[in-house]
Amino acid sequence: MKQALAPTLALALALHWTGAAQAQDTELLSAAAGGDADQAAETPSISADGRFVVFASRASNLVPGDANGASDVFLRDRATGSLELISRTPSGLPGNQFSTDPTISANGRYVAFATRASDIGQGNGIYILDRQSGVLHAASVAQSGNSVVGVTPRISPDGRYVVFGCSPLVPEDTNGQVDIYRFDRITGRASLVSVDASGVQSASSAQDPSVSAGGRYVAFGCSSSTWDPAYAGQAHIWVKDLLTGALLPVSRTQAGEPASALCRRADLSADGHQVAFETVASNLVTVAGAQQIAVKDLLSGEVAQVSVSNSGVAGNNYSYEPRISGDGRTVCFRSAASNLHLAGTNAYYSVYVRDRVLGQTRQVSLFSAAQGHGPADAGSAHASLSLDGRFVVFACEAQLVASDTNAFSDIYVRDRFGAAPFGYGLPAAHSSGCVPSVSWTGTPSASAGSGFLVRLDGVRSQLPGMLIYSTAGPATTALLGSTLYLRAPVRRTSVQLSGGTPGGQCDGSFVTDLNALVGSNGHGGLVVGARVWAQYWSRDNGNPGGTHFSDALGFELGN
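Below is a short write-up of the structure. On a predicted model such as this, the values are computed, not experimentally measured, just so you know.

**Re the pairing of strand 28 (residues 410-415)**
Note on strand geometry: in a regular strand, side chains alternate between the two faces of the sheet.
Stage number 1. Within strand 28, six of the six residues are buried, which leaves it mostly tucked inside the rest of the structure.
Stage number 2. Taking every second residue as pointing to the same face, both faces of strand 28 are buried, with Asp-410, Tyr-412 and Arg-414 on one and Ile-411, Val-413 and Asp-415 on the other.
Stage number 3. When strand 1 (residues 26-28) meets strand 28, the two strands line up antiparallel, connected through three bridges. Considered in strand 28, the bridge of Glu-27 is made with Val-413.

So, in C-alpha cells, the structure goes:
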C-alpha cells in the first residue's frame, strides 16, 4: 500500500512538471511565435526539473509592444511552450530600459533579475518576481528607501533569498566598494555579506555571488588582503556562513596552503558544501598553460579538477563560467580546449559537462538530431544546469536546429539523457564507512510488469531499508543528517532487509523491481510518460538522525 512519508518530508513546492520528456536532443527556446527572434539572447537559468528557463533578450518580437530597444527578461515554459515577459511594468509592458541577469528558483515560481528601467518597481535595481502572486519584491533598497543599482543577482533554490553585488545599502557599509548583499524576501531586508566574523570589510570590491538552497552559505570572489595577507593582489574565493558569521577561505589546498594564483567565479551546490570555480593556481590543479575549473569540498578540503578529459588530462586551453548542479555531482563550463571530448573538433568555445561520479566529460553544445548531432560551429557560453544535471541550457551563436536562421546568439537546452535512466546525487558514506551506490538494469516500462531492477549495493548488512520515489521532481534537502534528493510528495515501497554477512559488513544490498510497482495497488502516478526520481532510505543508527539516504536516479516510464 502506498504511504506518504513523515510530515518532515512534506516540503512540497507549488509547481512541478509531470509531463513526458522529449527525447535526448537540442531544443531552441528563444524563438519568437512566428519564427526567429530578431536579436540576440543570453544568460539563461533553468529550474530544478528543467521545465522553466529564463533568459535575457534584446529581441523586439518575442512579446507584443516591445519597443524599448533594450534587453528584457523572459521565461519559457517547456511543457506548454508559452513565453512570459518577466521584466514588466504594472501595465504588463516591457520596462523603459534594459533588464538582465535573470535567475530562477528551483520550482520556477520566483525569478530575480537586474533592471535599469525606471518604470519597473521602484526603478533601477534588483527585483524578485513571484510568478504565482504577481508580487514584485525590491531587493536593492537602501535604508533611506531609495532603490540602488545592483549587479549579478543569484536566487536561492527555495526562492527566499537573492544575493547580489551593490554599493552601500546599510550604514555599516563604509568601504566605498561594491559589496555582496543577501535580501530576504520574507522579512524584506537586505544584509551585508562580504564581511568577516568581526564585521571587518574588505578594501576591495567583491563580485560573482552564489547562494546555497537555504540561504545560509554565500560564495563570492574578492582580491583584498584585508581578511588574509596571503591573498594580497589576486582574486580568491570566500564562503560566508550567515548562521555562524564565519568567513571561510575556499581557495586553499587540502593541506590549508593558500592558492598560488587567482581563483574566481564561484558557484555553490545546494547544500553549500561544494564550490566550483575558475583557477590558474598550480598547487590546486594541473594548469597546462590555461585557466582550469576546480571543485572544492568544504567538508573534506579536497580539491578536484573538473576541466579534464575522461582519461584525466587537463584541458589544453582556457575554461570559464563553471556551474555546479544542485546535488554537486555535475559541473558545466565553457572551454576552448580541444582535448576534452570529440578531440580535434573544437574550434570555438564549447559547453562541456563533467560527471564527477562517473569521471566523464562530454560536450553538450551540439546540433540537434535532425542536424546530425555534430559539435556547434560557433561559440557557446552562459551554461546552467537543472538540479539533477539532466538538462543543460546555454547561449550559442550556431544554428543548432533547422528553424534557427537568425545568425544571432540564441538559447538552447540539451537533454543529456532523454528517457533513459540516469544517476544523480552524490553517494554518501554510512556512519560505518560503507558507501552505498545506486545502479539499475533493464528498461522502465508501464506495461512489462517486471524487469527494471533498481539496486543499492555496498550498504551495511542486516539493515532495514526501502526505495522511495517521487513524480514531482528532484530536490536537495538536508534531512536527518543526510540528503533527500526527491521533491515532495514522496512515496515509499515495502521495507526490506539488506541481507549480507551477519556482523555488520558492507556487503548488504536492496533490490526493487520498479516495473512491478506499476499498476500495483496504491502506486498511483506510475503511468506511461511519467518522470520518476528515486533513491533508497536505510537505517543508520550511527547517524544522529538514524537515517541514510543514497544517491538517486531519474527515468521516464515507457510503454
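**So, the pattern of salt bridges**
Stage number 1. Enumeration over the complete set of coordinates arrives at 15 salt bridges.
Stage number 2. Of the charged contacts, one joins Arg-109 and Asp-130 as a salt bridge, the two residues approaching to 2.9 Å between their closest N and O atoms. Of the two residues, Arg-109 is situated in the loop between strand 6 (99-104) and strand 7 (110-115) and Asp-130 in strand 8 (residues 125-130); the sequence distance between them amounts to 21 residues.
Stage number 3. Relative accessible area serves as the criterion here: at 17%, Arg-109 is assigned to the buried category.
Stage number 4. Of the residues examined, Asp-130 reaches a relative accessible area of 4% and is grouped as buried.

**Some points on the state of the cysteines**
Each disulfide consists of one covalent bond between the sulfur atoms belonging to two cysteines.
Stage number 1. Within this structure, the stated rule accounts for one disulfide.
Stage number 2. Here Cys-434 connects covalently by a disulfide to Cys-506, the sulfurs 2.0 Å from one another. With the S-S bond torsion at -85 degrees, the cross-link from Cys-434 to Cys-506 turns out left-handed. Of this pair, Cys-434 sits in the loop between strand 29 (422-424) and strand 30 (437-441) while Cys-506 sits in the loop between strand 36 (496-497) and strand 37 (508-513); the two residues are 72 residues apart in sequence, bridging distant segments of the chain.
Stage number 3. Lacking any disulfide linkage, Cys-166 is separated from the closest cysteine sulfur, that of Cys-222, by 16 Å.
Stage number 4. Residue class for Cys-166 comes out buried when judged on its relative accessible area of 1%.

**Considerations on a nonpolar patch on the surface**
Stage number 1. Among the surface-exposed residues, Val-149, Val-151 and Val-178 lie close enough to one another that they form a single nonpolar patch of about 180 Å² accessible area.
Stage number 2. Tracing the chain through its elements places Val-151 in strand 10 (residues 150-155).
Stage number 3. What makes Val-151 partly exposed here is its relative accessible area of 36%.

**Quick look at the environment of Ser-431**
Stage number 1. One can find Ser-431 in the loop between strand 29 and strand 30.
Stage number 2. The class of Ser-431 is partly exposed, set by a relative accessible area of 44%.
Stage number 3. Through-space distance from the C-alpha of Ser-431 to that of Phe-394 is 39 Å; in sequence the pair is 37 residues apart.
Stage number 4. Residues within four places of Ser-431 in sequence aside, it is in contact with Asp-540, Gly-542 and Asn-543.
Stage number 5. A polar contact is formed between the side chain of Ser-431 and the side chain of Asp-540, at a distance of 2.5 Å.

**Some details on the side chain of Asp-49**
Stage number 1. Within the secondary structure, Asp-49 is located in the loop between strand 2 (41-46) and strand 3 (52-57).
Stage number 2. Of the side chains bearing the opposite charge, Arg-487 lies closest to the buried Asp-49, which forms no salt bridge; the N-O distance is 4.4 Å.
Stage number 3. Among the polar contacts made by the side chain of Asp-49, one reaches the side chain of Ser-47 at a distance of 3.2 Å.

**Describing the sheet that holds strand 37**
Stage number 1. An order of 30-31-37 is seen for the three strands of this open sheet, with the pairing classed as antiparallel. Both outer strands of the open sheet, strand 30 and strand 37, are each paired with one neighbouring strand and no more. Taking each pair of neighbouring strands and ignoring which way they run, the sheet shows an average axis angle of 20 degrees.
Stage number 2. Pairing geometry for strand 30 and strand 31 (residues 453-459), over five bridges, is antiparallel. Within the sheet, the bridge partner assigned to Trp-440 lies in strand 31 and is Val-454.

**Brief notes about the layout of surface pockets**
Stage number 1. Roughly 870 Å³ of volume is contained in the largest pocket.
Stage number 2. Looking at the lining of the largest pocket, its residues break down into 19 nonpolar, 13 polar and seven charged.

**Overview of the pairing of strand 39 (residues 547-556)**
Stage number 1. For strand 39, a buried count of 10 out of 10 residues is recorded, marking the element as mostly surrounded by other parts of the structure.
Stage number 2. Across three bridges, strand 29 lies against strand 39 in antiparallel orientation. When the bridges of strand 39 are listed, Phe-422 appears paired with Gly-554.
Stage number 3. Where strand 38 (residues 531-539) and strand 39 come together, eight bridges link them in antiparallel fashion. Pairing of Val-532 across the sheet is with Phe-555, part of strand 39.

**Regarding unusual backbone geometry**
Stage number 1. With an omega dihedral of 5 degrees, the bond running from Ala-488 to Pro-489 counts as a cis peptide bond.
Stage number 2. With respect to the element layout, Pro-489 can be found in the loop between strand 34 (482-486) and strand 35 (491-492).
Stage number 3. The residue Asp-208 is not glycine, and still its phi comes out positive at about 55 degrees.
Stage number 4. On the secondary structure map, Asp-208 appears in strand 14 (residues 206-211).
Stage number 5. The exposure class assigned to Asp-208 is partly exposed, which follows from its relative accessible area of 27%.

**What to know about the packing of aromatic side chains**
Stage number 1. One pass over the structure, following the stated rule, counts 15 aromatic pairs.
Stage number 2. Ring geometry for Phe-422 and Tyr-424: centres 6.3 Å apart, planes at 40 degrees, overall tilted. Like Tyr-424, Phe-422 is buried.
Stage number 3. Between Phe-452 and Phe-555 the ring centres are 5.0 Å apart and the planes differ by 70 degrees, which places this aromatic pair in the edge-to-face class. Of this pair, Phe-452 sits in the loop between strand 30 and strand 31 while Phe-555 sits in strand 39, placing them 103 residues apart in sequence. Comparing Phe-452 with Phe-555 shows no difference in burial state: the two are buried.
Stage number 4. Ring pairing ties together the aromatic residues Phe-220, Trp-227, Tyr-231 and Trp-238, which thus form one cluster.
Stage number 5. Cation over ring: Arg-78 sits above Phe-391, and NZ or CZ is 4.6 Å from the ring centre.
Stage number 6. One Lys or Arg, Arg-131, reaches over the ring of Phe-52 and ends 4.9 Å from the middle of that ring.

Procedures and definitions
- Residues numbered from 1 in each chain as written.
- Predicted model: local features only at pLDDT ≥ 70, side-chain atom pairs only at ≥ 80, totals over all residues.
- Heavy atoms only, no water.
- Buried < 20%, exposed > 50% of the residue type's maximum accessible area, 1.4 Å probe, protein only.
- Helix = DSSP H or I, 4+ residues; strand = E, 2+ residues; numbered from the N terminus.
- Pairing = 2+ DSSP bridges.
- Salt bridge = Lys/Arg side-chain N within 4 Å of Asp/Glu carboxyl O.
- Disulfide = S-S within 2.5 Å.
- Patch = residues over 30% accessible without salt bridge, like charges linked within 9 Å, V, L, I, M, F, W, Y side chains within 5 Å.
- Areas by Shrake-Rupley, 256 points an atom, 1.4 Å probe, with all protein chains shown as cover.
- Contact = heavy atoms within 4.5 Å.
- Polar contact = N/O pair within 3.5 Å; in protein donor to acceptor, adjacent residues only side chain to side chain.
- Lys, Arg positive; Asp, Glu negative; His and termini not counted.
- Axes fitted to C-alpha atoms, helices over the stretch in contact; angles between N-to-C directions.
- 1 Å grid on protein atoms, 1.4 Å probe; cavity = no way out; pocket = protein on both sides within 12 Å on 5 of 7 lines; lining within 4 Å.
- Points joined across faces, edges and corners; volume = space filled by probe spheres on them.
- Nonpolar A, V, L, I, M, F, W, Y, C, P; charged D, E, K, R; others polar.
- Phe/Tyr/Trp six-rings, centres within 6.5 Å; stacked < 30°, edge-to-face > 60°.
- Lys NZ or Arg CZ within 6 Å of the ring centre and 35° of its normal.

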